[in-house]
Structure formats: C-alpha cells, structure tokens
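Spelled out, the chains give:
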Amino acid sequence: MTEVPFHYVDLRSFCYATEDEARVERALRTLLPDEFEINRAVSEGHHGDRIVVLSARAENADDVRHVLDRLADLDLDRIRDELGDRVNDNCALFMRLDKQAAYKGRVERGEGLELRGKIEAYPAKKEAAVENAADALEARS
C-alpha cells in the first residue's frame, strides 16, 4: 500500500435552505468510504436562513487513502503544479470540488465542497509539505 503523508483530511459542505440535505450529503459521500460518519451542524445565515454544515474527517491511513484515491479523477498534474498556492505555511492543502458533480458520483474541481488536508512534514515547513503532497498525488496518477 502507498504511504499516506497526511495526518487527516477534512471535507465540508454547506447545505443552504434552497438545497436538499440528503443530496448534499450524497455529494460529500462520493469522496468518503462507505458508512463513514458525517457530522451535522445547524447554523443561521445573515438573513436568518437555515444553513446546515456537513463535515467529515478522515484520520486513519485507509480512510485518507480512500479520499485521495477519489481525487485521481482530477488533473493531478495541474494540481501538483499549483501546490505552492494550495499549501499554506501550516502545511495544510486546500482544494474546492464541484458539489453538483460529486452528487452525480464524479470528482471535479469547482465550488461547493471544501477539502483540507493536514500534510505530514518534518520539519513542518511549507516546502517539505509541498514535496510530500506532490509525492502523494504522483502515486495516484
């Protein structure tokens, strides 16, 4: 099995009052292993509208590997080229994925689903994190 240089991967999506919560959850589940727990938090928007925040954290290596393997449908060469902009100084990788495509079972870049992955890097420097993330994505190409 491929080594996974991530401490965890967080996935999050907002379900607005105009959206069906079951559909948003289905979109999030496109990236997660079967039967994975999704957390639900109810919030209120600026105008008093209801917003449900659906989130999940993959922490063990098999679950993180599953999420990363689902990203293999993306143009990973392009993402590797953008890692300098996608990884912050805290060694976290950020990506946005298309919620509508995920609902249909596809993984595409876009808006609606947020992915944040904490990259293992020793020393904990952005340069080391970018290199480790590039290696992890290379293994999925």
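Residues numbered from 1 in each chain as written. Predicted model: local features only at pLDDT ≥ 70, side-chain atom pairs only at ≥ 80, totals over all residues. Heavy atoms only, no water.

- As annotated in an unreviewed UniProt entry, the protein is RNA-binding protein from Halococcus salifodinae DSM 8989.

### What about the sheet that holds strand β5 (residues 112-119)?
The strands making up a sheet associate through backbone hydrogen bonding, with each pair oriented either parallel or antiparallel.
Consideration 1: With antiparallel pairing, 5 strands are arranged side by side in an open sheet as β2-β3-β1-β5-β4. For this open sheet the edge positions go to β2 (39-44) and β4 (92-98), each flanked by a neighbour on one side alone. Ignoring strand direction, the axes of neighbouring strands in this sheet form an average angle of 20°.
Consideration 2: Sheet topology note: the strand β1 (residues 6-16)/β5 ladder contains 7 bridges and is antiparallel. (Pairing = 2+ DSSP bridges. Helix = DSSP H or I, 4+ residues; strand = E, 2+ residues; numbered from the N terminus. Axes fitted to C-alpha atoms, helices over the stretch in contact; angles between N-to-C directions.)

### Side note on unusual backbone geometry
Consideration 1: Each neighbour pair has its own omega, and for Y122 with P123 the value is 0°, a cis peptide bond.
Consideration 2: Its location among the elements puts P123 in the loop between β5 and α6 (126-138).
Consideration 3: For E35, which is not glycine, the phi dihedral falls at a positive 60°.
Consideration 4: Tracing the chain through its elements places E35 in the loop between α1 (21-29) and β2.
Consideration 5: The class of E35 is exposed, set by a relative accessible area of 78%. (Buried < 20%, exposed > 50% of the residue type's maximum accessible area, 1.4 Å probe, protein only.)

### Some words on the nonpolar core
Consideration 1: With 43 residues, the main nonpolar core has F6, L32, L71, L74, L83, M95 and L97 as its most contacted residues.
Consideration 2: Top element by residues in this core is α6. It accounts for 7 residues.
Consideration 3: When sequence neighbours within four positions are dropped, the list of residues in contact with L32 reads L11, I38, A56, H66 and V67. (Core = buried A, V, L, I, M, F, W, Y, C linked by side-chain atoms within 4.5 Å. Contact = heavy atoms within 4.5 Å.)

### Structural notes on the environment of P33
Consideration 1: Within the secondary structure layout, P33 lies in the loop between α1 and β2.
Consideration 2: The class of P33 is buried, set by a relative accessible area of 15%.
Consideration 3: Taking the C-alpha atoms as reference points, P33 and H66, 33 residues apart in sequence, are found 6.4 Å from one another.
Consideration 4: When sequence neighbours within four positions are dropped, the list of residues in contact with P33 reads D63 and H66.

### Looking at α6
Consideration 1: Along its 13 residues, α6 runs 18 Å from first to last C-alpha, staying within 8% of the 18 Å computed at 1.5 Å per residue.
Consideration 2: Taken together, the buried positions of α6 are occupied by A128, A129, V130, A133, A134, A136 and L137.
Consideration 3: Where α6 is buried, its residues meet β1, α3 (76-81), α4 (83-86) and β5. (Expected span 1.5 Å × (residues − 1).)

### Focus: the pairing of β1
The side chains of a regular strand alternate between the sheet's two faces.
Consideration 1: Pairing between β1 and strand β3 (residues 50-58): 8 bridges, direction antiparallel. By the bridge assignment for β3, Y16 is matched with I51.

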